Amino acid sequence: MAVDTMRWTGKTLELLDQRALPQKIEYLSCRTAADTARAIREMVVRGAPAIGCAAAFGIALESRRPGDLEAAFELLAHSRPTAVNLFWALERMRQALARGGASSLENEALAIYRDDLAVNRAIGAHGAELVPDRARIMTHCNAGALATAGHGTALGVVRSARDMGKSVSVVANETRPYLQGARLTAWEMVQERIPVTLVTDSMAGFLMSRGEVDLLIVGADRIAANGDVANKIGTYTLAVLAQRHGLPFYVAAPLSTFDPNIAQGDSIPIEERAADEVTGYRGSRWAPDGVAVRNPAFDITPAELVTGLITEVGVLRTPSRGGVAALLSRSRSGA
Ligand code: MRU
């Protein structure tokens, strides 16, 4: 992508303000861990791997300031609850601190950022093998360059397939209520001249039933030890529809999105967001005062509905507890 999701200047973390896309390209400058935690909470930066990278830079910023680094870890850990990459990145920063002291934190944050880019390219390469030429790929939310250090996970597979010479197109679900599909995925694909068609979430089943979708690829915010997947609200519905229509349903995610400490999906903490995201959009309101609202930001797709988990170390087909454990131990042994 021509535009970076984040830039480290050595003194500040510059975050592309994703709330303003696609209308405006503007960066928000973070100087402290508190600035960074606020930016994560307020969706300036979003998407599991990007949240992890930003949090790492937030700690690096704070390491240059007098004061309590422990408070910075706490603040960032409470910015958003579901994406495990946040906690994974903070843990990596803690280990760097213990090993090399505060002066090592900037380099560790840069390493987390660079590793994420490399990991996404590896995910893309493995995933692209699964994509037939002329495939029409449905995706949900934004698991693209904007959600990572670059290239993307689900959209990384799309980019890599295109780079292999395959002719691919994308069906982007708008992703109510926050519209990451309409605002961000559609924008990324238009920038890259990858053919993209925007639909509302409720059109997905109809398109599948008409044979207008060949496969689905989505990202993940946390994957439990048994392969259950937490991802943007609406993902579960798509997985059920994909099964009904005999379509492959892939989840593309780095190993940093796996949480071996969570046995199954129903134990994953699900963020509940503000009611006004459902009752209207940015200042316009369409629902009556007094109505009760639910706004869970993520849902759980059971492993049995997932055709394969596309990771940087390969594709785990029909994910299971044993398969996930083998995948994670393979990566730990560097195999
Ligand atoms: O609420 P968001 O925009 O942070 O949710 C993002 C998603 O659900 C993505 O699919 C997920 O984080 C994977 S991003 C590579």
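In this text, all values refer to a predicted model and were calculated from it rather than measured experimentally. (Residues numbered from 1 in each chain as written. Predicted model: local features only at pLDDT ≥ 70, side-chain atom pairs only at ≥ 80, totals over all residues. Heavy atoms only, no water.)

Caption draft 1: Quick look at empty space enclosed by the protein. Scanning all chains against the criterion turns up two cavities of 30 Å³ or more. What the largest cavity holds in volume is close to 190 Å³. Lining the largest cavity are 24 residues, and of these Arg-46, Gly-47, Ala-48, Asn-142 and Asp-221 sit closest to its centre. For the lining of the largest cavity, the secondary-structure elements that each account for two or more residues are α2 (48-63) and β9 (229-232). With three residues, the top contributor of residues to the lining of the largest cavity is α2. Its residues placed into classes, the lining of the largest cavity shows twelve nonpolar, eight polar and four charged. Residue-level mapping places the lining of the largest cavity at the junction of two domains, with at least three residues from each of domain 1 (6-118) and domain 2 (124-333). (1 Å grid on protein atoms, 1.4 Å probe; cavity = no way out; pocket = protein on both sides within 12 Å on 5 of 7 lines; lining within 4 Å. Points joined across faces, edges and corners; volume = space filled by probe spheres on them. Helix = DSSP H or I, 4+ residues; strand = E, 2+ residues; numbered from the N terminus. Nonpolar A, V, L, I, M, F, W, Y, C, P; charged D, E, K, R; others polar. Domains from an automatic or database assignment.)

Caption draft 2: A look at the pattern of salt bridges. Overall, the coordinates contain 21 salt bridges when judged by the stated rule. The salt bridge partner of Asp-35 is Arg-38, with a shortest N-O separation of 3.7 Å. Residue Asp-35 and its partner Arg-38 are located together in helix α1 (residues 33-41), separated by three residues, close to a single helical turn. Residue class for Arg-38 comes out partly exposed when judged on its relative accessible area of 39%. Residues Arg-273 and Glu-271 are paired through a salt bridge, measuring 3.0 Å at the closest nitrogen-oxygen approach. According to the relative accessible area criterion, Arg-273 is buried, its value standing at 17%. Of the residues examined, Glu-271 reaches a relative accessible area of 10% and is grouped as buried. Shared partners join several salt bridges into a network, and the residues in it are Arg-159, Arg-162, Asp-163, Glu-188 and Glu-192. (Salt bridge = Lys/Arg side-chain N within 4 Å of Asp/Glu carboxyl O. Buried < 20%, exposed > 50% of the residue type's maximum accessible area, 1.4 Å probe, protein only.)

Caption draft 3: Broad picture of the domain arrangement of the chain. Along its sequence, the chain is carved into domain 1 (6-118) and domain 2 (124-333). Using C-alpha coordinates to define each centre, domain 1 is positioned 23 Å away from domain 2. Around 2300 Å² of area is buried between domain 1 and domain 2 when both sides are counted, 55% of it from carbon and sulfur atoms. The three residues of domain 1 that bury the most area against domain 2 are Arg-46, Thr-82 and Val-84, which together make up 26% of that side's buried surface. Our count for the contact surface shared by domain 1 and domain 2 stands at one salt bridge. A salt bridge links Glu-271 to Arg-80; its shortest N-O distance comes to 2.7 Å. Between the two partners, domain 1 and domain 2, sit 15 residue pairs in polar contact (both at pLDDT 80 or more). (Buried area = accessible area lost by both parts, 1.4 Å probe. Polar contact = N/O pair within 3.5 Å; in protein donor to acceptor, adjacent residues only side chain to side chain.)

Caption draft 4: Region of the structure containing the packing of aromatic side chains. Within the structure shown, the criterion is met by two aromatic pairs. Each ring, one from Phe-57 and one from Tyr-113, has its centre 5.9 Å from the other, and the planes form 55°; the classification is tilted. On the criterion of sequence distance, the pair formed by Phe-57 in helix α2 and Tyr-113 in helix α5 (residues 105-128) is long-range, its members being 56 residues apart. The same class applies to Phe-57 and to Tyr-113, which are both buried. Grouping aromatic residues by their ring pairs yields a cluster made of Trp-8, Phe-57 and Tyr-113. It is Lys-232 that lies over the ring of Phe-298; its NZ or CZ is 4.2 Å from the centre. (Phe/Tyr/Trp six-rings, centres within 6.5 Å; stacked < 30°, edge-to-face > 60°. Lys NZ or Arg CZ within 6 Å of the ring centre and 35° of its normal.)

Caption draft 5: Molecular detail of the site of the ligand. If you check the shell around the ligand, you find 18 residues, and the closest are Arg-46, Arg-80, Asp-221, Asn-231 and Lys-232. Ala-48 has a polar backbone atom sitting 2.8 Å from an oxygen atom of the ligand. Between Asn-231 and the ligand, the recorded distance is 2.6 Å, taken from a side-chain N or O atom to an oxygen atom. In isolation the ligand offers 410 Å² of accessible surface; the protein chains occlude 100% of this area. Where the shell around the ligand is concerned, the elements lending two or more residues are α2 and β9. Class assignment of the residues belonging to the shell around the ligand gives a composition of eight nonpolar, six polar and four charged. Both domains that furnish three or more residues to the shell around the ligand are identified here as domain 1 (6-118) and domain 2 (124-333). (Near = heavy atom within 4 Å. Areas by Shrake-Rupley, 256 points an atom, 1.4 Å probe, with all protein chains shown as cover.)

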